Amino acid sequence: MDNLELKKHANDVRKGVVTSTHAAKSGHPGGSLSAADVFTYLYFEEMNIDPANPEKKDRDRFVLSKGHTAPGLYSALANRGFFPVEDLTTLRKTGSYLQGHPNMHIPGVDMASGSLGQGISAAVGMALGSKLGEDDFRVYTLLGDGEIQEGQVWEAAMFAGHRKLDNLCVIVDNNGLQIDGAIDEVCSPYPIDKKFEAFNFHVINADAHDFDALRAAFAEAKATKGQPTAIVVHSVKGKGVSFMENKAGWHGKAPNDEEYAQAMAELDKIAEEIAKEGK
Amino acid sequence: MADVKKIATRESYGNALKDLAEEFPNLVVLDADLAEATKTGIFKKAYPDRHIDCGIAECNMMGIAAGLSLAGKIPFCSSFAMFAAGRAFEQVRNSIGYPHLNVKIGATHAGISVGEDGASHQCNEDLALMRTIPGMVVMCPSDDIEAKAAVRAALEYEGPVYIRFGRAAVPVINDKPDYKFEIGKGTVVREGTDVTIVATGICVDSAIGAAEKLAADGINAEVINICTIKPLDKDIIINSAKKTGKVVTVEEHSVIGGLGSAVCDALAESLPTPVKKIGMQDVFGQSGPANELIALYGLDAQGVYSSVKEFLA
């Protein structure tokens, strides 16, 4: 898939994030938008998956360790065909299968998550399971840069490095902001790359919003043998919606009607630009 | 009555894992640097490639087990009860319980019979913690035979299971020809009419001893062994309470949240009955030889006997 198509899908994923959190009147748009291009690249290009057969045994696995950005994951899954895009407006509503954080009843979701620091351990277990079993699959997990303040992340990293799980790809969404503010002011996890290197990971830094950079990074991860890979993607929280960009306040707040209209107008404009680019 | 053979249920656990490895080819065993103490080392020796030491990182171990189960394995993960149910509670709840994964937790060194290590390592809260997780099966076997049967039943069952094992050697009490194990079923080990003693784990032996002493005083106690704390065999307890009208619970666990509470819940809803709960009375344990501590906290046959006498007086 070329970059233009990926950009188009990513823009649709962003629209789904804005639409679903607006409908829910709650949820986490900031980190969903910063990771929208990564979600898109994984589900439209990188992973061996089949929306018609979400449980197929040899599929690549994805664990959203930063589970609060479920709106981003759900939008990617819906746009990829795992379930109807229209269902995104049921997010967080009583009786909806689209729970506030991922659970096992959502087509395409491989692991429940949301309690920070736990998803990466499950991903590591899956990667080990692939090595011990007959099915040869890769495992991807996306963590927040605030999330890596959780000690369990480093327990999991130590184990993955020790076991040389080269079928594991950890992605850290480095958007620089957490609920209480800038991550380096709250409790700095920097340097993120050197920490993973110290845990025997192959580490790649990449621009989270550049599909050439993501393509190169994931190819390098796949080609890396004998150790797991961590890709630190440098992103903009709220990317794509001007008034949400780089604002910690949009971590866990939904757009009101006016903000929704503005956000969708901006994303429509981006869609027009992508369409022009394609001609 | 059984012979005097004594085996710690943690030893039974390690042996059962090894014995069942061929029959359950997807079984893998995880430990957190305690393989010698939890006795998963017995399995490790026979099946080194299927034993995964996670290092001293119990929370991560629970997550690894979750991931392994999602890759088709049946993980049995082990640590001391304090760390498996205590330290890693939220991981068990959110990474195993909520997604209802096929993960088994074999927690050893539960209760005060840990002995000399003292209160920091004596987990008297694990049954309470594990009971609160929706869909979690919680078992506490009383001897070698029941411990092995519980491990097999856990492997045959699809879903999360917590089994509590002890450090100290305990007598074999279930070596009866008609012994049959089923998750969720209690056993009447002694029939009686005057009082019901419901016990779990190593306290079943104390309850049997107490019943013998009570018999000498002309009190005919019924003794029920509850291995599965959840789902609880409510019928066996209610039917006995109908007959005796008085119930005593005995557990090597806090009287808050464990067997005693489960029995009270069942009786309060169906057949309000006076209950005396024997266990750790909202206190921490201390260092000392296991048998001395069991006696000190009133969990041996003499202690149970005295409490029942007081209750009936």
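None of these values were measured; they are calculated from a predicted model.

Peer 1: Explain the overall build of chain B to me, please; I cannot follow it from the model alone.
Peer 2: The helix and strand inventory of chain B stands at 13 helices and 14 strands. When its C-alpha atoms are laid out on the principal axes, chain B stretches across 55 × 40 × 40 Å. Counting across all 313 residues of chain B, residues that qualify as buried make up 63%. For chain B, long-range pairs separated by at least 24 residues make up 79% of all intrachain contacts whose partners lie at least 6 apart in sequence. The averaged location of the 40 negative side-chain charges in chain B is 2 Å from the averaged location of its 30 positive side-chain charges.

Peer 1: Looking at this structure, I do not really get the pattern of salt bridges. What am I missing?
Peer 2: Note that side chains of opposite charge can pair when their charged atoms are close. Inspection of the entire model under this criterion finds 21 salt bridges over all chains. Across the pair Arg59(A) and Asp110(A) runs a salt bridge, and its minimum N-O distance is 2.9 Å. Separated by 51 residues along the polypeptide, Arg59(A) in the loop between α3 (36-46) and β1 (61-64) and Asp110(A) in the loop between α4 (70-80) and α5 (119-132) bring together distant segments of the chain. We note that Arg59(A), like Asp110(A), is buried. Residue Lys66(A) is joined to Asp173(A) by a salt bridge in which the shortest nitrogen-to-oxygen separation is 2.7 Å. With Lys66(A) in the loop between β1 and α4 and Asp173(A) in strand β3 (residues 168-174), this residue pair connects regions lying 107 residues apart in the sequence. Several salt bridges share partner residues, and in doing so they unite Glu23(B), Arg152(B) and Glu156(B) into one network.

Peer 1: Honestly, the interface of chain A and chain B in this entry has me stumped. Any pointers?
Peer 2: Accessible area lost on assembly of the parts is the figure often given for the size of an interface. The interface of chain A with chain B comprises 26 residues on the first partner and 25 residues on the second. Together chain A and chain B conceal approximately 1800 Å² of surface at their shared face, both sides included; 61% is due to carbon and sulfur atoms. Here chain A and chain B share eight residue pairs in polar contact (both at pLDDT 80 or more) between them. Where the side of chain A that touches chain B is concerned, the elements lending two or more residues are α5 and α6 (151-162) of chain A. For the side of chain A that touches chain B, the element with the highest residue contribution is α5(A), accounting for nine residues.

Peer 1: Any chance you could explain the sheet that holds strand β2 (residues 139-144) of chain A here in plain terms?
Peer 2: Hydrogen bonding along the main chain pairs the strands of a sheet, whether they run parallel or antiparallel. Residues and elements named next belong to chain A. Spatially, the five strands line up as an open sheet ordered β1-β2-β3-β7-β6, and their pairing is parallel. Of all strands in the sheet, those bounded by a partner on one side alone are β1 and β6 (202-207). Taking the axes of each pair of neighbouring strands and ignoring which way they run, one obtains an average angle of 20° across the sheet. The pairing of β6 with strand β7 (residues 229-234) spans six bridges and is parallel. Residue pairing across strands places His202 opposite Thr229, the latter belonging to β7.

Peer 1: Explain the pairing of strand β10 (residues 195-199) of chain B here, please?
Peer 2: The side chains of a regular strand alternate between both faces of the sheet. Residues and elements named next belong to chain B. Taken across its five residues, β10 has five buried, putting it largely inside the fold. Side chains of β10 alternate between two faces, with Val195, Ile197 and Ala199 and Thr196 and Val198 buried alike. Two strands pair when backbone bridges link them, and β10 and strand β11 (residues 221-225) are joined in this way by five bridges, in the parallel orientation. Opposite Val195, over in β11, you have Ala221 as the bridge partner. With helix α9 (residues 203-216) bridging β10 and the parallel β11, this β-α-β connection has right-handed handedness. Two elements, β10 and strand β13 (residues 247-254), share four bridges in a ladder whose sense is parallel. Residue pairing for β13: Ala199 is matched across the bridge by Val250.

Peer 1: Honestly, the confidence of the model for chain B in this entry has me stumped. Any pointers?
Peer 2: Reading fine detail from the predicted coordinates is not recommended where pLDDT is low. Averaged over every residue, the pLDDT of chain B is 97; the share at 70 or more is 99%. The ipTM for the predicted assembly is 0.95, set against a pTM of 0.96.

Peer 1: Quick question: what am I supposed to make of the packing of aromatic side chains here?
Peer 2: The geometry of an aromatic ring pair is captured by two quantities: the separation of the ring centres and the angle between the planes. All names here are of chain A. Following the criterion strictly, the structure yields 14 aromatic pairs over all chains and no others. Measuring from centroid to centroid gives 5.4 Å for Tyr41 and Phe218, while their planes differ by 15°, and the two rings are stacked. Here Tyr41, found in helix α3, pairs with Phe218, found in helix α9 (residues 211-223); they are 177 residues apart in sequence, far enough to count as distant. Here the aromatic rings of Phe243 and Trp250 are separated by 5.6 Å at their centres, their planes lie at 65°, and the arrangement is edge-to-face. Comparing Phe243 with Trp250 shows no difference in burial state: the two are buried.

Peer 1: Help me understand the state of the cysteines, please; the structure alone is not making it clear to me.
Peer 2: Linking two cysteines covalently via their sulfur atoms produces the bond known as a disulfide. Residue and element names in this part refer to chain B. Per the stated rule, a full pass over the model turns up zero disulfides over all chains. Here Cys123 stays unpaired: no disulfide links it, and the sulfur of Cys140, its closest cysteine neighbor, is 11 Å away. Note on Cys227: no disulfide assigned, nearest cysteine sulfur contributed by Cys140 at a separation of 6.8 Å. With a relative accessible area of 1%, Cys227 lands in the buried category.

Rules used in this analysis
Residues numbered from 1 in each chain as written. Chains lettered and ligands numbered in written order. Predicted model: local features only at pLDDT ≥ 70, side-chain atom pairs only at ≥ 80, totals over all residues. Heavy atoms only, no water. Helix = DSSP H or I, 4+ residues; strand = E, 2+ residues; numbered from the N terminus. Buried < 20%, exposed > 50% of the residue type's maximum accessible area, 1.4 Å probe, protein only. Contact = heavy atoms within 4.5 Å. Lys, Arg positive; Asp, Glu negative; His and termini not counted. Charge placed at Lys NZ, Arg CZ, Asp CG, Glu CD. Salt bridge = Lys/Arg side-chain N within 4 Å of Asp/Glu carboxyl O. Buried area = accessible area lost by both parts, 1.4 Å probe. Polar contact = N/O pair within 3.5 Å; in protein donor to acceptor, adjacent residues only side chain to side chain. Pairing = 2+ DSSP bridges. Axes fitted to C-alpha atoms, helices over the stretch in contact; angles between N-to-C directions. Right-handed = clockwise from strand over helix to strand, strands pointing away. pLDDT = per-residue confidence, 0-100. Phe/Tyr/Trp six-rings, centres within 6.5 Å; stacked < 30°, edge-to-face > 60°. Disulfide = S-S within 2.5 Å.

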